[in-house]
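Geometric and topological summary
What follows is each chain in one-letter form.
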Amino acid sequence: MVEQVRKLLDKRLKTPEELEKLRQSIISDKDTSRILISVCGGTGCRASGAEAVVDAFAEEIERLELQAKIEFKETGCHGFCERGPVVLIGPKKIFYQHVQPEDVPEIVAETVLQGKPIQRLLYTDPATNEEITYETDVPFYKRQTRLILGANGEIDPTDIEQYIAAGGYSALSKALFHMTPEKIISEVTDSGLRGRGGGGFPTGRKWQSCLKAKGDIKYVLCNADEGDPGAYQDRSILEGNPHSVIEGMIIGAYAIGSNNGYIYVRNEYPLAVERTIIALEQAMDYGFLGENILGSGFNFTITINKGGGAFVCGESSALIASLEGKIGEPKAKYTHMSEKGLWDKPSLLNNVKTWANVPLIVNKGTDWYSKIGTKGSKGTMIFSLVGKINNSGLVEVPMGITLREMIYDIGGGIPGGKKFKAVQTGGPSGGCIPEEYLDTPVDFDELTKLGSMMGSGGMIVMDEDNCMVDVARYFIEFLKGESCGKCVPCREGLAKMSEILNRISHGQGKPEDIEVMTDLGEILNNGALCALGRSAANPVLSTIKYFKDEYLAHINDKKCPAGVCRELIEYSIDPDKCTGCGACVRACSTNAISGEKKEPHVINQGMCIKCGACYDTCKFDAVIKG
Amino acid sequence: MTKYWISSETSIEIDSAEDNNVVHFSVDDKDVIVSNGQTIYEALQRQSGIGNIPALCYHPSVRPYGACRLCTVEVSEDGGKNFRFVASCLYPVKEGLVVKTNTERVRNLRKGIIELLLARCPNTKVLQELADEYGVEKPRFALGDHDCILCGLCVRACQEIIGKSAISLVNRGIYKEVAAPFYAYELGEECIGCGDCAFICPTGAIKMGENGKPELPRVKIPYAEIGAMASAAEG
Ligand SMILES: Cc1cc2nc3c(=O)[nH]c(=O)nc-3n(C[C@H](O)[C@H](O)[C@H](O)COP(=O)(O)O)c2cc1C
Ligand code: SF4
Ligand code: FES
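Report follows, based on the coordinates. (Residues numbered from 1 in each chain as written. Chains lettered and ligands numbered in written order. Predicted model: local features only at pLDDT ≥ 70, side-chain atom pairs only at ≥ 80, totals over all residues. Heavy atoms only, no water.)

**A look at unusual backbone geometry**
All names here are of chain A.
- Cis geometry is found at the peptide bond from Gly-84 to Pro-85, where omega equals -10°.
- By the element assignment, Pro-85 lies in the loop between strand E2 (70-75) and strand E3 (87-89).
- A positive phi is found at Asn-591, a non-glycine position, where the angle reads about 55°.
- By the element assignment, Asn-591 lies in the loop between helix H25 (583-587) and strand E17 (593-594).
- In this structure, Lys-598 takes a positive phi of about 65° despite not being glycine.
- In this structure, Lys-598 sits in the loop between E17 and strand E18 (602-603). (Helix = DSSP H or I, 4+ residues; strand = E, 2+ residues; numbered from the N terminus.)

**Topic: the pairing of strand E2 (residues 11-14) of chain B**
All names here are of chain B.
- Here four bridges tie strand E1 (residues 2-5) to E2, and the two strands are oriented antiparallel to one another. Along E2, the bridge assignment pairs Thr-2 with Ile-14.
- Linking two consecutive strands that pair antiparallel, namely E1 and E2, is a turn of five residues. (Pairing = 2+ DSSP bridges.)

**Some points on the pattern of salt bridges**
- On inspection of all chains with the given rule, the structure shows 41 salt bridges over all chains.
- We note a salt bridge from Glu-405 of chain A to Arg-143 of chain A, for which the minimum N-O separation is 2.3 Å. Of this pair, Glu-405 of chain A sits in helix H17 (residues 403-410) while Arg-143 of chain A sits in the loop between helix H6 (139-142) and helix H7 (160-165); the two residues are 262 residues apart in sequence, bridging distant segments of the chain.
- Taking the relative accessible area as the measure of exposure, Glu-405 of chain A reaches 23% and is therefore partly exposed.
- By relative accessible area, Arg-143 of chain A is classed as partly exposed at 34%.
- Where Arg-140 of chain B meets Asp-519 of chain A, a salt bridge forms, and the shortest distance between an N and an O atom there is 2.9 Å. Taken together, the positions of Arg-140 of chain B in the loop between helix H3 (125-134) and helix H4 (153-161) and Asp-519 of chain A in helix H21 (residues 513-527) put the pair across two chains.
- The structure contains a network of salt bridges with shared partners spanning Arg-46, Glu-51, Glu-74 and Arg-275 of chain A. (Salt bridge = Lys/Arg side-chain N within 4 Å of Asp/Glu carboxyl O. Buried < 20%, exposed > 50% of the residue type's maximum accessible area, 1.4 Å probe, protein only.)

**Quick look at the site of ligand 1**
Residues and elements named next belong to chain A.
- Taken together, 18 residues lie around ligand 1, and Gly-197, Lys-206, Asn-350, Asn-351 and Thr-354 are the ones closest in.
- Gly-314 places a polar main-chain atom, nitrogen or oxygen, 3.3 Å from a nitrogen atom of ligand 1.
- Thr-354 is positioned such that a nitrogen or oxygen atom in its side chain is 2.7 Å from an oxygen atom of ligand 1.
- Considered on its own, ligand 1 offers 600 Å² of accessible surface; in the complex 88% of this is hidden by protein.
- Counting residues per element, the ones that place at least two in the shell around ligand 1 are strand E10 (347-351) and helix H22 (531-535).
- Residue composition of the shell around ligand 1, by class: four nonpolar, nine polar and five charged. (Near = heavy atom within 4 Å. Polar contact = N/O pair within 3.5 Å; in protein donor to acceptor, adjacent residues only side chain to side chain. Areas by Shrake-Rupley, 256 points an atom, 1.4 Å probe, with all protein chains shown as cover. Nonpolar A, V, L, I, M, F, W, Y, C, P; charged D, E, K, R; others polar.)

**Describing the layout of surface pockets**
- Roughly 1500 Å³ of internal volume is contained in the second largest pocket.
- Lys-326, Lys-331 and Lys-486 of chain A together with Arg-63 and Pro-64 of chain B are, among the 37 residues lining the second largest pocket, the residues nearest its centre.
- Of all elements in the fold, only helix H14 (316-323) of chain A together with H4 and strand E8 (168-170) of chain B reach the threshold of two or more residues within the lining of the second largest pocket.
- It is H4 of chain B that provides the largest number of residues to the lining of the second largest pocket, a total of four residues. (1 Å grid on protein atoms, 1.4 Å probe; cavity = no way out; pocket = protein on both sides within 12 Å on 5 of 7 lines; lining within 4 Å. Points joined across faces, edges and corners; volume = space filled by probe spheres on them.)

Following this line, the structure appears as structure tokens:
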């Protein structure tokens, strides 16, 4: 009794044995006859109404008093966000997509209680038109290796015991009690893990220099700034499995001898912030953080710091300035952070995904880990696969998979029978890769060789309707807006680059523009202070390299072959096809179209603002864009 | 015995024995010896006069900042195999470093930077002189009409020398500019009117006004967005 009361008051685990005991008791207390319903509560699914679905399930379970029969949980992101809200049922994971609250009573009555799948909620493979019942058979998931993201669909991120039941914190216990700091670092080094924040720096080497750095105060930092438009891998990990990151950080801290850590997360990620805070509190309650962790004598705490949401604040020296309360501007890094980082103390900064890999490596060992991936890039990488692609979402694959497999096998190819044109990888300062390189294995070095990069794992697929000049313009506009403005090449160079690209897409390109932009690219690459500027020319240089014809068409012929740059396209009506139905007349907001009823219509070019409304409206394909 | 240059005119012949107080390294194929704990720029430009490295955001009285990038040189830490570009005003001298201050690549880079700065500030004398020296003719870009190159010297001088921080750099990217607290252009009480900012400004963009306070160089692009932001903030 006294024992029980004491336990209630203090959940802190004092030995590794207590952790194992707790794990066993959670597992054995679990009623395995209960049927699992897991609803994705990631930001993507929430945006399509997952919260209402969660409420509907909770109400239905209560109404039918099925608590004893059903285990219900809201989890983190499952990755297939465009199909959200996503629901998984039962041990075999029946996969339901686009679930609405109205569907819930039927799901409970039919699927949960009687095991019958509901056809209308199943995923249909667009390639075969076949309905697929189980998550593991959905092509989007089939080719993935979800080492990091896998647990997202299985555990409730707000309940540390679910993480523990799934083996959580066993790597920490192993590291603290069965490994020396040197041994941990050599394991991380030998695993071949490279930083997932974009640079791909060997993680073990970074840890080693932090271990060697002199100083009794050292910091461990987690970069969760994730400022790339379209990337949300780090957010999804923090939302779905925050303890994996925390466990990685504690192991890293023990390895280099640090007692204080920070998670720098962007403030625009409220759910990630909320769940990370809950996870930190629970880790503290259970004795994984704080003093004398698991009775090892090692102390470590983590503070969460909300960033202001500038892209450049993800850059390591700007992140540190921001953490210190200064303007988030980069500084030259001729002295390494491992010697002088946060408040001039040795600091170890890694990305969310990098940290999440650490428990895996410690638990399963270097031999296992280094078998996954390519020679120079080990493990898996998480991509956010978006753009002109049938299946978009978060995809975790072993390094070395080809672009073609990513786009066609996992992504299901290009919608609408359109032709693939390019894939843009690596975030805003990545490059565009054309079709001829689709069989390139995806890893850090191969992407760099192609003039692009791994970056944070952005992957935007483009088809024949994308204009590559416009794509370059878009990314340069983004980078121009995010440049901190400290150094001349980046501040002035990007402004000039954007000026030129805007001119070209408005039909005012000059023959020398390509050369001038190439020169600017060199100034940025060689002269800019930080990697934002040093990589900012990639979108322009790679499109000039692979799609020069498109630039020339814009500059010399004043034509946009993809029909995107408004000033360079003209709409006209094919008199043979036009039935004179008048639909375009009603669609046109400037009254530029005229014609008698049932007679071919014409567009007054002087009044046309090239919005394309007539083109989209005409049912007879009579409007010509060219 | 090796011959080491200690200034542009003077050399000495000594053994290159280990000594923590000095650093031996090579600059444009000359062996050089300088005292330790300096940056390349300080060592070459200030201490010895070896080399001719341009710099706009450097001043010996304030901490280096690394913004203009004109002082970029190529360095190799592996005895001359691999070179990379670094800002010499920030890069510390190291034993055995190989420095190239005037390669074609370096000159091209400086030329490009000068072209960009001259496009921003076409009427600025220091830039016109640098443009002559580096063979920059008319910039290939649309011209602006600024005077301020955003080197940040005035801000650092006010903070580090005067201890006032009456001005700072605000905003980011091409919107960056020098302003008084709360994004004001008129200097308030924090400013003691010492004129240090006007003195240190390499382009003459800051002038002392009749009220005894400096007149800040307004960025003259009409920033509709900032106006909109301001009026949104006012409600
Ligand atoms: C402009 C810029 C933005 C960056 N943004 C991020 C980011 O959002 N998240 C991140 O982990 N790393 C980002 N990085 C990379 C970091 O500087 C740093 O290399 C990384 O956090 C180190 O962790 P890693 O070794 O685990 O990759 C950015 C770099 C640059 C130049
Ligand atoms: S490269 Fe761009 S972001 Fe980086 S310091 Fe220079 S201006 Fe700032
Ligand atoms: S003097 Fe070195 S960057 Fe300006």
